[in-house]
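Per-entry structural report
Here's the letter readout for the chains.
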Amino acid sequence: MTASTVAGQGGGTLADQAYRSISDRLVTLQIRPGEPINDERIAAELGFGRTPVREALKRLEHERLIVAYPRRGTFATEVQIADLGHISEVREQLEPLAASMAAQRAGQGDRAALDRLLARLAGASGAGTDLIRLDMAVHRAIYAATRNPYLEDTLIRYDNLATRIWCLFLDRLPGLAGHVHEHGPLLRAIIDGDAEKAAALAAAHVAGFEAAIRGVI
């Protein structure tokens, strides 16, 4: 068994853990757009071998969070504001679908996880990346509750790209807390099994996100 297939702390293979860690840094712009990616240094920081890190980087390249150039190296992709419309077109269709499916398919464990996130939202008073990570956790819990791994993977990819854009303008978007707290009614609708309401709230949330970004660019 190779290092990249050994499950470690945090769940999943080492490659999965490396992916989550590096993805978090890229999405929240701890690794800045255009910054070079050094797999050896990241492996040392994570305490992993280079193989799981390289596997993670391949996945991140497929998701357009990094780009590799022959003889030049690997870099975090630039955040392209021109992509906002394309990303929103996908999310406007799939986020309401996911919310509706989650309301219909969520099991007891899913609803318990969503309920815990609802409690976290109620007590959330932080700012910056703490709220961003809570926002991402809510989205991922909803995607997981759809019980459709293909839809889940697709939406995680687009949510990552959208969140990078959000983080780029974080200091110019004073409504971050309100945007994140919008998830409260959405989570409640899913927990209550109200698919129609959940879909409508998800659609409004995506529309509000795009409007907020366009309001500052």
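See the structure shown above.
Here goes a summary of the coordinates provided. (Residues numbered from 1 in each chain as written. Predicted model: local features only at pLDDT ≥ 70, side-chain atom pairs only at ≥ 80, totals over all residues. Heavy atoms only, no water.)

A few words on helix H1 (residues 14–27). In this model, H1 (14 residues) spans 20 Å end to end at C-alpha, consistent with the 20 Å of a helix rising 1.5 Å per residue. With respect to burial, H1 is a largely interior element, 10 of its 14 residues being buried. Within H1 the residues assigned to the buried category are Leu14, Ala15, Gln17, Ala18, Tyr19, Ile22, Ser23, Asp24, Leu26 and Val27. Trailing H1 by a residue or two, leucine 29 shows a phi angle of about 65°, which is positive. (Helix = DSSP H or I, 4+ residues; strand = E, 2+ residues; numbered from the N terminus. Expected span 1.5 Å × (residues − 1). Buried < 20%, exposed > 50% of the residue type's maximum accessible area, 1.4 Å probe, protein only.)

A few words now on empty space enclosed by the protein. The full count for this structure, using the stated rule, is two cavities of 30 Å³ or more. Every residue lining the largest cavity is listed: Arg91, Ile132, Asp135, His139, Asp159, Ala162, Thr163, Trp166, His179, His205, Val206 and Phe209. Of all elements in the fold, only helix H6 (129–145), helix H7 (149–168) and helix H10 (195–214) reach the threshold of two or more residues within the lining of the largest cavity. Here the element with the most residues in the lining of the largest cavity is H7; it accounts for four residues. Across the lining of the largest cavity, the residue classes tally to five nonpolar, four polar and three charged. Within this model, the second largest cavity holds a volume of roughly 50 Å³. In terms of lining residues, the second largest cavity is bounded by Glu95, Ala99, His139, Ile142, Tyr143, His183, Leu186, Ala202 and His205. Elements that contribute at least two residues to the lining of the second largest cavity include exactly helix H4 (84–105), H6, helix H9 (183–191) and H10. For the lining of the second largest cavity, the element with the most residues is H6, which contributes three residues. (1 Å grid on protein atoms, 1.4 Å probe; cavity = no way out; pocket = protein on both sides within 12 Å on 5 of 7 lines; lining within 4 Å. Points joined across faces, edges and corners; volume = space filled by probe spheres on them. Nonpolar A, V, L, I, M, F, W, Y, C, P; charged D, E, K, R; others polar.)

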